[in-house]
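# Breakdown of the fold
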Amino acid sequence: MRVLVVGSGGREHALVWRLAQSPSVKALFAAPGNPGMARTARCVPIKGDAIEELLAFAETERIDLTVVGPELPLVLGIVDRFEAKGLAIFGPSQRAAALEGSKVFAKDLMAKHGIPTARFQTFQDATAARRFAREMGAPLVVKADGLAAGKGAIVCRTLEEADRAIALCLEERAFGKAGEQIVVEEFLSGEEASFFALTDGETGLFLGTAQDHKTVFDDDRGPNTGGMGAYSPAPVVDATVHDQVMKTIIRPTVRAMAAEGRPYRGVIYAGLMLTREGPKVLEYNCRFGDPEHQPIMMRLEDNPLPLLHAVARGERLPSSVSWRPEAAVCVVMASGGYPGEYETGKPISGIEAAEKVEGVTVFHAGTALRDGQLVTAGGRVLGVTAIGADIRAAIGRAYEAVGKICFDGMHFRKDIGKKALAHRGR
Ligand code: AMP
Ligand code: GLY
């Protein structure tokens, strides 16, 4: 099979790395890819959101399956364009990708179909939003409707902060069109977990849990990032919680999308808050997580290719997949200054030594080659990912490998996986 992976981050490198191990993959391409992916795939210089160019490439190269990593091309309708040409592509249609592309759509869907989520209302008018904020009381959360590069959810501890967030979206238009509508919702307490399920439009197939580390500094301090590390599985999702999530969230979401005339084929990433009243949806994403997909791909024992292909072709999925019994941990190494401004072009050393540590693979996110030298080229630079007998062993290996890598200004969290240890007591 000839396979094309769209995207250039750690998530896509993990996908490419895993697909390259599949004997049925005869040719593997990444667009635009990165130097890490170039070890096993041919990287083609087409951006992930250049849909028409990707389509032309897939036709010329007779690609049998395209797998889309990031949300933007999905929300822009890449799947519809490929399917119109009879090309198999993994991901939801544009109308189904609204699950991530519009928080107003997702919240209304959950309300209509009884899927547990925070109490909320949606607004276009700032005065009405402020009135509702007062009815709810602080803390609360203000969310821009559309894609906002992970910056669109503002947790407000006080009503003054809520007023500022409402003004930022609806009056100052800080998020442009993405913030023309907002959701104002109840603040939920509990522990967060990421839950993944593949769906062929009718059934939901569990595809792992993980916990992300969103803030830049240890102990969940500092501003939010795209994710500074993740581990899988998430021990907080025990068998009872798992069954609850499948029964009250994943299957109802698949049914609801079908009932709305937006059949969903692809991966549903449910960002959950595990509250005292049970799991509730914080947000849906219509793609795999980054960095969560890195430890998940390491733990997946089954070949993902037939699963992705079945979803793309609308064929039935099996009822379960097999996992390796171990745990996996990914530590993100980031550029100095990230998630604020940062410099690029810093030479990176030590990756080979890091990968000599047992069970370690270094996934590239923001890297580039300059005159044959690997240099930094983004905020999140590397995802140092390790598998081990348990979380503690995986953490040990990941940090041993991190210790061998060096670039000017680098920073990373020292506490990835600590929360999982608290759960297991090991
Ligand atoms: P989102 O983009 O909706 O996933 O939100 C980003 C982050 O904001 C989440 O990972 C949570 O940490 C936090 N968050 C979002 N919604 C809520 C909520 N209703 N209650 C508490 N925290 C929230
Ligand atoms: N790690 C968060 C995300 O993929 O959206």
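These numbers come from a predicted model, not from an experiment. (Residues numbered from 1 in each chain as written. Chains lettered and ligands numbered in written order. Predicted model: local features only at pLDDT ≥ 70, side-chain atom pairs only at ≥ 80, totals over all residues. Heavy atoms only, no water.)

### Digging into the pattern of salt bridges
Summed over the entire model, instances satisfying the criterion amount to 28 salt bridges. Across the salt bridge formed by Arg-287 and Glu-71, the nearest N and O atoms sit 2.8 Å from each other. With Arg-287 in the loop between β16 (278-285) and α10 (293-299) and Glu-71 in helix α3 (residues 71-75), this residue pair connects regions lying 216 residues apart in the sequence. A residue is classified by how much of its surface remains accessible, and Arg-287, at 11% relative accessible area, is buried. Two residues, Asp-220 and Arg-413, come together in a salt bridge whose shortest N-O distance is 3.1 Å. (Salt bridge = Lys/Arg side-chain N within 4 Å of Asp/Glu carboxyl O. Helix = DSSP H or I, 4+ residues; strand = E, 2+ residues; numbered from the N terminus. Buried < 20%, exposed > 50% of the residue type's maximum accessible area, 1.4 Å probe, protein only.)

### Some words on helix α8 (residues 159-171)
For α8, which comprises 13 residues, the first-to-last C-alpha distance of 17 Å matches the rise-based estimate of 18 Å (1.5 Å per residue) to within 8%. For α8, every residue scored as buried is listed here: Ala-162, Asp-163, Ala-165, Ile-166, Ala-167, Cys-169 and Leu-170. As for α8, its buried residues are in contact with β6 (120-123), α7 (126-136), β7 (140-144), β8 (153-156) and β9 (182-186). Of the residues one or two after α8, Arg-173 is the one with positive phi, at around 55 degrees. (Expected span 1.5 Å × (residues − 1). Contact = heavy atoms within 4.5 Å.)

### Brief notes about the sheet that holds β8
Hydrogen bonds along the backbone pair up the strands of a sheet, which may run parallel or antiparallel. As summarised here, the arrangement of the four strands in space is β6-β9-β7-β8, forming an open sheet in which the pairing is antiparallel. At either margin of the open sheet sits one strand with a lone partner, and together these are β6 and β8. On average, each strand axis in the sheet is tilted by 20 degrees relative to the strand beside it, whichever way the strands run. Note that β6 and β9 share four bridges and pair antiparallel. If you follow Phe-120 over to β9, its bridge partner there is Glu-185. (Pairing = 2+ DSSP bridges. Axes fitted to C-alpha atoms, helices over the stretch in contact; angles between N-to-C directions.)

### A word on the site of ligand 1
Around ligand 1, the surrounding shell holds 15 residues, and the nearest of these are Glu-185, Glu-186, Leu-188, Glu-192 and Glu-283. Within the contact set of ligand 1, a nitrogen atom lies 2.7 Å away from a side-chain nitrogen or oxygen of Glu-185. Within the contact set of ligand 1, an oxygen atom lies 2.8 Å away from a side-chain nitrogen or oxygen of Glu-283. When ligand 1 sits alone it has 470 Å² of accessible area, and the protein chains cover 91% of it. Elements supplying a minimum of two residues to the shell around ligand 1: β7, β8, β9 and β16. The class makeup of the residues in the shell around ligand 1 is eight nonpolar, no polar and seven charged. (Near = heavy atom within 4 Å. Polar contact = N/O pair within 3.5 Å; in protein donor to acceptor, adjacent residues only side chain to side chain. Areas by Shrake-Rupley, 256 points an atom, 1.4 Å probe, with all protein chains shown as cover. Nonpolar A, V, L, I, M, F, W, Y, C, P; charged D, E, K, R; others polar.)

### Digging into the packing of helix α1 (residues 10-19) against helix α11 (residues 304-312)
The contact between α1 and α11 brings their axes to 9 Å, and the two run at 110 degrees. Here α11 runs roughly perpendicular to α1, going by the angle between their axes. Seen from α1, the contacting residues are Leu-15, Arg-18 and Leu-19; seen from α11, they are Pro-304, Leu-305 and Leu-308. A class-by-class count of the residues in the contact of α1 with α11 yields five nonpolar, no polar and one charged. (Parallel < 35°, antiparallel > 145°, perpendicular 65-115°, else oblique.)

### What to know about the site of ligand 2
Surveying the vicinity of ligand 2 reveals the residues Asp-212, Gly-226, Tyr-269, Asn-285, Arg-287, Gly-289, Asp-290, Pro-291 and Glu-292. Between ligand 2 and the protein, one listed contact pairs an oxygen atom with a side-chain N or O atom of Arg-287 at 2.8 Å. The contact in question runs from a nitrogen atom of ligand 2 to an N or O atom on the backbone of Asp-290, over 2.8 Å. With the chains in place, 87% of the 200 Å² that ligand 2 exposes on its own is no longer accessible. Of the residues belonging to the shell around ligand 2, the class tally is two nonpolar, three polar and four charged.

### Notes on the side chain of Thr-215
Examined against the element boundaries, Thr-215 turns out to sit in strand β12 (residues 215-217). Thr-215 sits in the buried class, given a relative accessible area of 10%. Within the structure, the side chain of Thr-215 is placed 3.1 Å from the backbone oxygen of Arg-221, a separation counted as a polar contact. Leave out the neighbours within four places in its chain, and Thr-215 touches Asp-220, Arg-221, Gly-222, Pro-223, Asn-224, Thr-225, Met-228 and Arg-413.

### Some remarks on the nonpolar core
Ranked by size, the top nonpolar core spans 52 residues in total, and within it Ile-78 and Ile-250 carry the most contacts. The element that contributes the greatest number of residues to this core is helix α9 (residues 239-259), accounting for eight residues. Excluding residues that lie within four positions of it along the chain, Ile-78 makes contacts with Ile-51, Leu-54, Val-68, Pro-73 and Ile-89. By size, the runner-up hydrophobic cluster in this structure holds 36 residues, among which are Val-3, Leu-65, Phe-90 and Phe-363. (Core = buried A, V, L, I, M, F, W, Y, C linked by side-chain atoms within 4.5 Å.)

### Things to note about unusual backbone geometry
In this model, Ala-31 is joined to Pro-32 through a cis peptide bond whose omega is -5 degrees. Along the polypeptide, Pro-32 turns up in strand β2 (residues 27-32). With omega at 20 degrees, the peptide bond leading from Asp-290 into Pro-291 counts as cis. Relative to the helices and strands, Pro-291 resides in the loop between β16 and α10. The phi dihedral of Asp-220 is positive, around 55 degrees, even though this residue is not glycine. Among the secondary structure elements, Asp-220 is positioned in the loop between β12 and β13 (221-224). Not every positive phi belongs to a glycine, and Asp-371 is a case in point at roughly 50 degrees. Within the secondary structure, Asp-371 is located in the loop between β19 (367-370) and β20 (373-376). Given the relative accessible area of 82%, Asp-371 is considered exposed.

### Looking at a nonpolar patch on the surface
A cluster of nonpolar side chains, Leu-72, Leu-76 and Leu-147, forms an exposed patch at the surface whose accessible area comes to about 230 Å². If you trace the backbone, Leu-72 turns up in helix α3. For Leu-72, a relative accessible area of 38% corresponds to the partly exposed category. (Patch = residues over 30% accessible without salt bridge, like charges linked within 9 Å, V, L, I, M, F, W, Y side chains within 5 Å.)

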